[in-house]
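Listed below are the residues making up each chain.
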Amino acid sequence: RMIESGLKLGLTRGEFSLVFQPLMDLDKNRISCMEALLRWEHSEMGVISPGEFIPIAEEIGFIVPLGEWVLTEACRVAAGWPEDISVAVNLSPVQFKSQRLLETVQRVLRETGLPASRLELEITESVMISDSEQTVEVLHALRSLGVRISMDDFGTGYSSLSYLRSFPFDKIKIDRSFIEDVGAQDANMEIIKAVIALGRSLGMATTAEGVETEAQLDAVRAHGCNEIQGFLFSRPLVEKDALEMIQAMA
Ligand code: G
Ligand code: G
Ligand code: MN
Ligand code: NA
């Protein structure tokens, strides 16, 4: 497959880049974190979406070096931001299986000078499924470094609630499919309310993903959601624009 052979070459040729999407703290009314999102512009095929190339990179194990590049680049960029702004990095289940994740995170933090407290690692429910005992051990070890752990796309996997029991996440990111139809579907609002309440009682912050309208913002805010992320506030931004936005909001 063309994508497969293109991945390695793409990394050496500098075809990958990161964009950053703000997470807004609703109490403080300012940016708390920026989520790093990977982009690939192939020399011939043009822009290829992560939804297409990440599954292939996972399949062939290339997500390990690619994920290390993402982590390094995200931490390097974030080290230049004000101290109260964190960076969030998405991790694939395959990176958890690779054994060297913990060492890699330690090394990258040391090399970039980013304090561990300013790094959030986002994992999905599929990470918890893969090999939960070993995964939970690695998560605890990462947490002891001072890194924070978020459960991404919450509510889309199979038995979300049991994962909240196996590991004390710092943050729950409510999947945008629940936010999308707020207003149109009452059940979604009830689920969002319940997840926010659950997060609060377990000591986990909640982020509403995919907030695109004022009505959605008002709804999640009214129920005590801590953060929002979505096109209403900002699309993912290139490094320079992300810094400008941070400075404009400070
Ligand atoms: O940014 P976008 O909506 O195109 O992302 C599509 C999917 O790819 C999302 O599920 C997102 O979490 C994932 N993704 C984006 N960047 C990364 C990355 O650096 N690593 C991993 N593992 N997934 C990513
Ligand atoms: O799976 P994860 O939550 O990491 O995916 C993040 C992806 O969600 C990013 O690729 C980003 O482009 C996308 N995204 C962020 N905000 C919005 C939004 O408001 N609406 C939609 N449709 N997608 C969004
Ligand atoms: Mn994410
Ligand atoms: Na998500």
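Small disclaimer: the values here were computed from a predicted structure and weren't measured.

A. Layout of the overall build of the chain. For the chain, the helix and strand inventory stands at 12 helices and 10 strands. Computed over its C-alpha atoms, the radius of gyration of the chain comes to 18 Å, within 12% of the 18 Å expected for a compact globule of 250 residues. Taking the principal axes of the C-alpha coordinates as reference, the chain spans close to 50 × 40 × 35 Å. Put simply, of all contacts in the chain between residues at least 6 apart along the chain, 65% involve residues at least 24 apart.

B. Seen up close, the environment of Leu 101. Take Leu 101: it is sitting in helix H5 (residues 101-112). A count of 23 C-beta atoms within 10 Å places Leu 101 in the buried class. Between the alpha carbons of Leu 101 and Val 138 there is a distance of 8.2 Å; along the sequence they are 37 residues apart.

C. Just the pairing of strand E4 (residues 86-90), in detail. Among the five residues in E4, five count as buried, and that is most of the element. Here E4 shows a buried face lined by Ser 86, Ala 88 and Asn 90 and a second buried face lined by Val 87 and Val 89. Where strand E2 (residues 30-42) meets E4, four bridges bridge the pair, whose relative direction is parallel. Paired with Glu 35 across the two strands is Ala 88, which belongs to E4.

D. Looking closely at helix H7 (residues 132-145). Helix length check: H7, at 14 residues, gives a terminal C-alpha distance of 20 Å against a target of 20 Å (1.5 Å per residue), a fit within 8%. Within H7 the residues assigned to the buried category are Thr 135, Leu 139 and Leu 142. Burial along H7 is one-sided: seen end-on, the buried residues are contained in an arc of 65 degrees. Set apart from the buried face of H7 by more than 90 degrees, the exposed residues are Glu 133, Gln 134, Glu 137, His 140 and Ser 144. Positive backbone phi, approximately 105 degrees, marks Gly 146, located one or two places after H7.

E. Highlighting the site of ligand 2. Taken together, the neighbourhood of ligand 2 is formed by 14 residues, with Leu 37, Gly 210, Glu 212, Gly 230 and Phe 231 sitting nearest. By residue class, the composition of the shell around ligand 2 is four nonpolar, five polar and five charged.

F. Looking closely at the site of ligand 1. Taken together, Leu 37, Leu 38, Ser 49, Pro 50, Gly 51, Ile 54, Val 70, Asn 90, Leu 91 and Ser 92 make up the full set of residues near ligand 1. Counting only elements with at least two residues in the shell around ligand 1, the list comes to E2 and helix H2 (50-59). When residues in the shell around ligand 1 are grouped by element, the largest group, three residues, is from H2. A breakdown of the residues in the shell around ligand 1 according to their chemical character gives six nonpolar, four polar and no charged.

G. Seen up close, unusual backbone geometry. The backbone of Asn 29 shows a phi angle near 55 degrees, a positive value even though the residue is not glycine. Mapped onto the fold, Asn 29 is located in the loop between strand E1 (16-25) and E2. C-beta crowding within 10 Å serves as the criterion here: with 8 such atoms nearby, Asn 29 is assigned to the exposed category.

H. Highlighting the pairing of strand E7 (residues 171-174). A two-sided burial pattern is seen for E7, the buried positions comprising Lys 171 and Lys 173 on one face and Ile 172 and Ile 174 on the other. Sheet topology places strand E6 (residues 148-154) next to E7; three bridges connect them, and they run parallel. Each residue of the ladder has a partner; that of Phe 154, found in E7, is Ile 174. Relative to strand E8 (residues 205-208), E7 runs parallel, the two being bridged by four bridges. Following the sheet pairing, Ile 172 is matched in E8 by Thr 206.

I. How the structure looks around the environment of Asn 226. Mapped onto the elements of the fold, Asn 226 is located in the loop between helix H11 (214-222) and strand E9 (227-228). On the basis of neighbour counts, which here come to 23 C-beta atoms within 10 Å, the residue Asn 226 falls in the buried class. Between the alpha carbons of Asn 226 and Met 204 there is a distance of 9.8 Å; along the sequence they are 22 residues apart. Contacts of Asn 226, omitting those with residues within four sequence positions, involve Asp 25, Leu 26, Ala 205, Thr 206 and Thr 207.

Definitions and limits used
Residues numbered from 1 in each chain as written. Chains lettered and ligands numbered in written order. Predicted model: local features only at pLDDT ≥ 70, side-chain atom pairs only at ≥ 80, totals over all residues. Helix = DSSP H or I, 4+ residues; strand = E, 2+ residues; numbered from the N terminus. Rg over C-alpha atoms; globule rule 2.2 N^0.38 Å. Contact = placed C-beta atoms within 7 Å. Buried ≥ 20, exposed ≤ 12 C-beta atoms within 10 Å, placed from the backbone. Pairing = 2+ DSSP bridges. Expected span 1.5 Å × (residues − 1). Arc of directions from axis to C-beta. Near = placed C-beta within 6 Å. Nonpolar A, V, L, I, M, F, W, Y, C, P; charged D, E, K, R; others polar.

By themselves, these figures tell us nothing about what the structure is for.
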